[in-house]
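# Per-entry structural report
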Amino acid sequence: MDPLQSLHIIDLLREREAEFVRVWECEQAIQGLLQGAFRFDPPPDLPSRAKPKRRRPADAVASPRLRRLRPDREQAYRVEYDCEGTVRTSQTTNGDFLRSLLELDPPGLRVRRVDSVRLDADGNAVPVDLLWQREPEPGL
Amino acid sequence: MAKTPKNMEPLSFVDIVMHADAETIKAAYEARVKVDELLAQREEAYRRIAELESQVETVIGEEGVFVFPTPPLPVAGLPAPTVKPAPAKPAPAKPKPAAPAQPENA
């Protein structure tokens, strides 16, 4: 979820909370008038009162698997990612960090693909295997 | 409009006129109008809450997944707000037993 969506949800929840305060005020005023003798009808069917759905294991987001480097022929991971609208590449040997990054998938730093690379005699990174690639998002 | 509770017999017009004095009837009428007005406001607030919750689910993109917080104040028919227990106050220190009085050297 992107930060704008989160902010929008926070705004909606604040407004919802204010409406609940209004419900409470009305109920208190009625009970004040009738010395607590009023019996309220149950609240209407709200989405929040619906039974929460249980996610089937198949629906859960699979943790991205990224295999370890093969020391005999691979020396680093090359990561291609979007950062502030620009595609950049970087290299790392830290597989644990990379796996956490793929799992978190922060909107400000979206990994596009990960390759394993070996360094040639001149120190240039030569791709070996494609290890992970983002699936195209629906509608794109 | 306020409903008559199920276990109460509704009073007829004659019952009201013959068994209550004019001041009570007037006060009861005003209270009834006010109660109906407040019930309409409560209903409108719930309509708005349903609308806001639907909007949240639209943003989430799936129904029945988002766990909505409980109402901030206790309202009829819904779970009470979760109140965090206040941190336990440290027990007051026991007063130390008074030191035995020293005999005064006269």
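Let me sum up the structure you'll find in this document.

## Section: the side chain of Arg-99 of chain A
Residues and elements named next belong to chain A. Take Arg-99: it is sitting in helix H2 (residues 95-104). Among the polar contacts made by the side chain of Arg-99, one reaches the main-chain carbonyl oxygen of Leu-66 at a distance of 2.4 Å. Aside from chain neighbours lying at most four places away, what touches Arg-99 is Leu-66, Arg-67, Arg-68 and Tyr-77.

## Quick look at the environment of Val-75 of chain B
Here Val-75 of chain B lies in the segment after helix H2 (22-60). The exposure class assigned to Val-75 of chain B is buried, which follows from its relative accessible area of 8%.

## Regarding H2 of chain B
For H2 of chain B, built from 39 residues, the straight-helix expectation of 57 Å at 1.5 Å per residue is met to within 8% by its first-to-last C-alpha distance of 57 Å. Positioned one or two residues after H2 of chain B, Gly-61 of chain B has a phi angle of 95°, which is positive.

## What to know about the packing of aromatic side chains
Residues and elements named next belong to chain B. Within the structure shown, the criterion is met by 3 aromatic pairs over all chains. Between Phe-66 and Phe-68, the ring centres sit 4.9 Å apart and the planes meet at 75°, which makes this aromatic pair edge-to-face. Look at Phe-66 and you get partly exposed, because its relative accessible area is 24%. Given a relative accessible area of 11%, Phe-68 falls into the buried group.

## A look at the interface of chain A and chain B
Taken residue by residue, the interface counts 33 residues in chain A and 38 residues in chain B. With both sides pooled, the region where chain A packs onto chain B buries about 3,500 Å², and carbon together with sulfur makes up 73% of that total. Summed over the three residues of chain A that lose the most area to chain B, namely Arg-16, Phe-20 and Pro-47 of chain A, the buried surface amounts to 16% of that side. The interface formed by chain A and chain B holds 7 residue pairs in polar contact (both at pLDDT 80 or more) in total. In terms of residue class, the side of chain A that touches chain B is made up of 20 nonpolar, 3 polar and 10 charged.

## Looking at H2 of chain A
Residues and elements named next belong to chain A. All of the buried residues along H2 are Gly-95, Leu-98, Arg-99, Leu-101 and Leu-102. Down the axis of H2, the buried side of the element spans an arc of 160°, and every buried residue falls inside it. For H2, exposure combined with an orientation more than 90 degrees from the buried face picks out Glu-103 and Leu-104. Among the structural elements, strand E1 (76-83), strand E2 (86-92), strand E3 (109-119) and strand E4 (125-133) are those in contact with the buried residues of H2. Just beyond H2, the residue with positive phi is Asp-105, at close to 50°.

How each quantity is defined
- Residues numbered from 1 in each chain as written.
- Chains lettered and ligands numbered in written order.
- Predicted model: local features only at pLDDT ≥ 70, side-chain atom pairs only at ≥ 80, totals over all residues.
- Heavy atoms only, no water.
- Helix = DSSP H or I, 4+ residues; strand = E, 2+ residues; numbered from the N terminus.
- Polar contact = N/O pair within 3.5 Å; in protein donor to acceptor, adjacent residues only side chain to side chain.
- Contact = heavy atoms within 4.5 Å.
- Buried < 20%, exposed > 50% of the residue type's maximum accessible area, 1.4 Å probe, protein only.
- Expected span 1.5 Å × (residues − 1).
- Phe/Tyr/Trp six-rings, centres within 6.5 Å; stacked < 30°, edge-to-face > 60°.
- Buried area = accessible area lost by both parts, 1.4 Å probe.
- Nonpolar A, V, L, I, M, F, W, Y, C, P; charged D, E, K, R; others polar.
- Arc of directions from axis to C-beta.

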